[in-house]
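Spelled out from the first residue to the last, the chains are:
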Amino acid sequence: RRSLASPVVSGVLCPCGSKGAAIASPAAETGPGCLSACGGPEHRRLHTLFQKLDVNRDGALCVHDLAVGLGQLGLHRTERDLWKIVKAGDKDLDGQLDFEEFVHYLQDHEKKLRLVFKSLDKKNDGRIDAQEIMQSLRDLGVKISEQQAEKILKSMDKNGTMTIDWNEWRDYHLLHPVENIPEIILYWKHSTIFDVGENLTVPDEFTVEERQTGMWWRHLVAGGGAGAVSRTCTAPLDRLKVLMQVHASRSNNMCIVGGFTHMIREGGPKSLWRGNGINVLKIAPESAIKFMAYEQIKRLIGTDQEMLGICERLVAGSLAGVIAQSSIYPMEVLKTRMALRKTGQYSGMLDCAKNILSKEGMAAFYKGYIPNLLGIIPYAGIDLAVYETLKNTWLQRYAVNSADPGVFVLLACGTMSSTCGQLASYPLALVRTRMQAQASVEGAPEVTMRGLFKHILKTEGAFGLYRGLAPNFMKVIPAVSISYVVYENLKMTLGVQSR
């Protein structure tokens, strides 16, 4: 039987293993960074493979070279797959791979393949059999028969043992663009887990299994419950932030201790939680609308991939955020007005809403709408970019046996990305809050976003755009920590399986 991974490819790609020998464990096979650790002979072998693939002898591999060269070696790939290989390794964006780019691509790709192999090897014996293939595909929502699993196995099995060892797995897949590692989706959820009070992040991805088994809604419910507890615990800091954004100035320099003292004197300890009720209530509709909008936008983009690229995620997530924020924005205005109210001003949320509607009209519920929408892109974009950068750095440097980063790394990455996102969009958030609060001060003149920016810069300088930043950052670490702990406990209660 002819193998799909020819002896030429096997010999070139990994000289470290013994000829024809089955290796018991990926840990014992070539060691970390096999492709770079073998020294001179490895370099020559990679150069030999490069020359075999470089059919037009121009010193670079284009899609045509890869199609012809891999075909001659018995490895047939679609044009789409070949473009993915070139795109993944093309650092200078010239549409082809030189030798250095080719080597770097193989090094990075082998690391991803090792993670996938480890996740498939359920028995942890260094081999994958038909039952493990069936189980892994079931985990992803794909059901196949044992005969189909054996057929998949035979396509990679070179020595007729009906199991795949690490060498066989790597040789078959190394020049095939495997991107969607389910463990990365499972372990690196971000937006669902961490709630820092601003729901402007790009929604998390869910695996096929999670979508088909209904686990996705349990994740969302757990995330919503965690957000409610987290926001309630950090509500005093959130109210202080709103007060400082609206009332602090050069002439009224409000400090953290002074702000808390003022709130307690004016309305007692209970007043620290003003505005929290509506802040918690808006979690459910906002999360549900955003998730549904995100899934629909993904379909409109027309991708059939389980995991979107960063740019596609940013576009889909930002549009979903715009739709969700537009739907619940009157609740945002109510939250600000309730946080700023004085003792006895309103009897409750409904009274506040009626008062705004009768005195200011429906338009008042959309004050600050423009800076709020403009703030979505820098917040979501920077949060996603920082989180993906930290995630990929960890996966490249430290992920050996699993894509599971552990609690500390996950918390650290979530905290840093949320902080960077908030810092980037904070001036827009401050202007939004001041515009929302306009009519809470009787006789206050109507101002535009542009006019308010000019006024703040003229009277307070650039520092004035960051009023309330200290309590905002003070709540990030406790908010992230509390939401994570509650999320994990609610997941167990709802029967969400963690792998």
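I will try to describe carefully the structure that is included in this document. The structure presented is a predicted model; accordingly, all values stated were derived computationally and were not measured. (Residues numbered from 1 in each chain as written. Predicted model: local features only at pLDDT ≥ 70, side-chain atom pairs only at ≥ 80, totals over all residues. Heavy atoms only, no water.)

Time to look at the overall build of the protein chain. Counting its regular elements, the protein chain contains 24 helices and two strands. Classification of the 499 residues of the protein chain by burial places 51% in the buried group. Long-range contacts, defined here as pairs at least 24 residues apart, represent 72% of the contacts in the protein chain between residues at least 6 apart. For the protein chain, the accessible area works out to roughly 22900 Å², and carbon and sulfur atoms hold 61% of it. (Helix = DSSP H or I, 4+ residues; strand = E, 2+ residues; numbered from the N terminus. Buried < 20%, exposed > 50% of the residue type's maximum accessible area, 1.4 Å probe, protein only. Contact = heavy atoms within 4.5 Å. Areas by Shrake-Rupley, 256 points an atom, 1.4 Å probe, with all protein chains shown as cover.)

At a minimum axis distance of 10 Å, the contact between helix 21 (residues 407-436) and helix 22 (residues 449-460) shows a crossing angle of 110 degrees. When the axis of helix 21 is compared with that of helix 22, the two are roughly perpendicular. Contacts between helix 21 and helix 22 involve Pro 427, Leu 428, Leu 430, Val 431, Arg 434 and Met 435 from the former and Met 449, Leu 452, Phe 453, Ile 456 and Glu 460 from the latter. Classifying every residue of the contact of helix 21 with helix 22 gives nine nonpolar, no polar and two charged. (Axes fitted to C-alpha atoms, helices over the stretch in contact; angles between N-to-C directions. Parallel < 35°, antiparallel > 145°, perpendicular 65-115°, else oblique. Nonpolar A, V, L, I, M, F, W, Y, C, P; charged D, E, K, R; others polar.)

The next thing to look at is the pattern of salt bridges. Tallied over the full model, the rule gives eleven salt bridges. Linking Asp 238 and Lys 335 is a salt bridge whose minimum nitrogen-to-oxygen distance equals 3.0 Å. Of this pair, Asp 238 sits in helix 14 (residues 235-247) while Lys 335 sits in helix 18 (residues 310-340), and the two are 97 residues apart along the sequence. Looking at Asp 238, the relative accessible area reads 10%, which means it is buried. Its relative accessible area of 11% is what places Lys 335 among the buried residues. With its nearest N and O atoms 3.1 Å apart, the salt bridge here joins Lys 282 to Glu 332. Taken as a pair, Lys 282 in the loop between helix 16 (276-281) and helix 17 (283-301) and Glu 332 in helix 18 lie far apart in primary sequence, 50 residues in all. With respect to class, Lys 282 is no different from Glu 332; both count as buried. Residues participating in the shared-partner salt-bridge network are Asp 238, Lys 241, Lys 335 and Lys 475. (Salt bridge = Lys/Arg side-chain N within 4 Å of Asp/Glu carboxyl O.)

Before going further, it helps to examine a nonpolar patch on the surface. The grouping of Ile 301, Val 315 and Leu 319 at the surface amounts to a nonpolar patch, some 240 Å² of accessible area in total. On the secondary structure map, Val 315 appears in helix 18. Given the relative accessible area of 47%, Val 315 is considered partly exposed. (Patch = residues over 30% accessible without salt bridge, like charges linked within 9 Å, V, L, I, M, F, W, Y side chains within 5 Å.)

Within helix 6 (residues 79-89), the full set of buried residues consists of Asp 81, Leu 82, Ile 85, Val 86 and Gly 89. Here the buried residues of helix 6 occupy an arc of 140 degrees about the axis, which is enough to place them on one side. Away from its buried face, by an angle of more than 90 degrees, helix 6 presents the exposed residues Glu 79 and Lys 87. In this fold, the buried residues of helix 6 make contact with helix 5 (63-72) and helix 7 (99-120). (Arc of directions from axis to C-beta.)

Scanning all chains against the criterion turns up six aromatic pairs. An angle of 75 degrees between the planes, with centres 5.7 Å apart, marks the rings of Tyr 366 and Tyr 369 as edge-to-face. By relative accessible area, Tyr 366 is classed as partly exposed at 34%. Judged by relative accessible area, which is 22%, Tyr 369 ranks as partly exposed. One aromatic cluster in this structure is built from Phe 50, Phe 99 and Phe 102. (Phe/Tyr/Trp six-rings, centres within 6.5 Å; stacked < 30°, edge-to-face > 60°.)

Right, let's talk about unusual backbone geometry for a bit. Within the chain, Arg 57 stands out as a residue other than glycine whose phi angle is a positive 55 degrees. Of note, Arg 57 is situated in the loop between helix 4 (40-53) and helix 5. Although it is not a glycine, Leu 93 sits at a positive phi angle of roughly 55 degrees. By relative accessible area, Leu 93 is classed as exposed at 74%.

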